[in-house]
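Listed below, chain by chain, are the residues.
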Amino acid sequence: METVILISQVIMGLTLLLTFVRVVRGPSLPDRVMALELFSTTVVGLVGVYAIQSGVASFLDAAIVIALMGFLAAIGFARFLERGGPRDD
């Protein structure tokens, strides 16, 4: 079980690194928004895996809060883009 958790953490860590590169490099604002959504989803996965590893169920509450914040941020960015916000296409 420890091996599976370690492999999951390494893969999600690599995903966070590659997603951060996408956030920085773009090429457009919608791409960056999607990368931020993936970033928050990956963080939720990491917190969930850590909750399993540590056996502390309170971390799942934190994962739910992070997921809700990521969802609301994605809605906010979508509304901003829908209303004609700046785009670097």
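Residues numbered from 1 in each chain as written. Predicted model: local features only at pLDDT ≥ 70, side-chain atom pairs only at ≥ 80, totals over all residues. Heavy atoms only, no water.

## Considerations on the overall build of the chain
- Check the secondary structure of the chain and you find three helices and zero strands.
- Each helix and strand of the chain, placed in order from N terminus to C terminus, yields the pattern α-α-α.
- The C-alpha atoms of the chain give a radius of gyration of 15 Å, which is well past the 12 Å a tight globule of 89 residues would have.
- The 89 residues of the chain split such that 21% are buried. (Helix = DSSP H or I, 4+ residues; strand = E, 2+ residues; numbered from the N terminus. Rg over C-alpha atoms; globule rule 2.2 N^0.38 Å. Buried < 20%, exposed > 50% of the residue type's maximum accessible area, 1.4 Å probe, protein only.)

## Remarks on the UniProt feature "transmembrane region" (unreviewed entry) in the chain
- According to UniProt, the "transmembrane region" (unreviewed entry) feature falls on residues 6–24, 36–53 and 59–81.
- In the segment residues 36–53, helix accounts for 100% and strand for 0%; the C-alpha atoms at its two ends are 26 Å apart.
- Annotation note: span residues 59–81, helix share 100%, strand share 0%, distance between end C-alpha atoms 33 Å. (UniProt positions renumbered as here; feature names shortened; annotations may be inferred.)

## Brief notes about the environment of A78
- Its location among the elements puts A78 in helix α3 (residues 58–82).
- You can call A78 partly exposed: its relative accessible area is 43%.
- Separated by 70 residues in the primary sequence, A78 and S8 place their C-alpha atoms 30 Å from one another.

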